[in-house]
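Overview (structure and organization)
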Amino acid sequence: MPTKPWAWRQSWRNLLFAHWPVDPSLLSPLIPPQLKLQEFDGTAWLGVVPFEMAGVMRRPLPDLPGISAFPEINVRTYVEFDGRPGVWFLSLDAANRLAVFGARQLFHLPYYFAAMDVSVDDENVVTYFTKRAGDTPASFSARYWPTGPVRLTDPGTLDHWLTERYCLYTLNRRGRLFSAEVHHPQWPLRQALLTLRENTMAVPFGIELPEAPTLLHYSKRVDVVVWNLQLLK
């Protein structure tokens, strides 16, 4: 854990990890040269992760209505810098214009505003819709729900490698590399089922994903603290 106090808090809820194996040659051009694309047993992975944000605020401020909670979906892959594993976000979409602006300015992350609608019923069936317009249109429409008991993944497994990531990397407009520590308890994961109606989230990057993800994991909630960016290179 970093010695400095964390700066931001948030809660990730009704989250789905949908993962596909992807040829490393398709992902490598999307990664800055300072980073190394990670592979698991010779395979790179791409994740599409829809969820709901709640309790998003800078320490020590309280939640603010209309600002602290909103849907989000991200497209991510896995990288390292000097042996430190982390996440590289290809895109992040949110239904909150202020959050999109703030994350772009403060964290140099590729956020986009999108029209989004999410509902969750009493059996944790999530109906999720997002559509981004503009120069890089992308959409995702699905229903997903958990099955089986909650479990914690074991180190060394693919499930653990994909989900237990406590660092993100980002690049500013000048090409400088930064990292941010992101800490939370280990993911309480369940197996998941998915009915996918549309998924073009990877199309802006020239990647056509198969309809069915190879791996699915669901988590009801995890509470998160985030540190400010640190310049690396």
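Residues numbered from 1 in each chain as written. Predicted model: local features only at pLDDT ≥ 70, side-chain atom pairs only at ≥ 80, totals over all residues. Heavy atoms only, no water.

Some words on the overall build of the protein chain
Along the backbone of the protein chain there are three helices and 14 strands. A buried classification covers 53% of the 233 residues belonging to the protein chain. Contacts in the protein chain between residues at least 24 apart in sequence constitute 69% of all its contacts with a sequence separation of at least 6. Surface summary for the protein chain: the accessible area is close to 11,200 Å², and the carbon and sulfur share equals 55%. Of the charged side chains in the protein chain, 23 are positive and 22 negative, and the gap between their average positions amounts to 9 Å. (Helix = DSSP H or I, 4+ residues; strand = E, 2+ residues; numbered from the N terminus. Buried < 20%, exposed > 50% of the residue type's maximum accessible area, 1.4 Å probe, protein only. Contact = heavy atoms within 4.5 Å. Areas by Shrake-Rupley, 256 points an atom, 1.4 Å probe, with all protein chains shown as cover. Lys, Arg positive; Asp, Glu negative; His and termini not counted. Charge placed at Lys NZ, Arg CZ, Asp CG, Glu CD.)

Overview of the pattern of salt bridges
Applying the stated criterion across every chain yields a total of five salt bridges. When the shortest N-O distance is used, the salt bridge between Asp223 and Arg221 registers 3.0 Å. On the basis of relative accessible area, Arg221 is assigned to the partly exposed category, the value being 42%. (Salt bridge = Lys/Arg side-chain N within 4 Å of Asp/Glu carboxyl O.)

What to know about helix α2 (residues 97-107)
Counting along an α-helix, one turn takes 3.6 residues, and residues three or four places apart therefore face a common direction. For α2, the set of buried residues is Ala99, Val100, Ala103 and Phe107. Down the axis, α2 shows its buried residues gathered within 100° of arc, on one side only. Exposed and oriented more than 90 degrees from the buried face of α2 are Arg97 and Phe101. In this structure Asn96 caps α2, since a side-chain oxygen of it lies 2.9 Å from the backbone nitrogen of Leu98. Positive backbone phi, approximately 55°, marks His108, located one or two places after α2. (Arc of directions from axis to C-beta. Polar contact = N/O pair within 3.5 Å; in protein donor to acceptor, adjacent residues only side chain to side chain.)

Some thoughts on unusual backbone geometry
Working note: non-glycine residues mostly have negative phi, and peptide bonds are mostly trans. Residues Arg59 and Pro60 are joined by a peptide bond in cis, for which omega reads 5°. Along the chain, Pro60 falls in the loop between β3 (44-58) and β4 (70-81). Despite not being glycine, Asp82 has its phi angle at roughly 50°, a positive value. Within the element layout of this structure, Asp82 appears in the loop between β4 and β5 (84-94). Residue classification places Asp82 among the exposed positions, given a relative accessible area of 73%.

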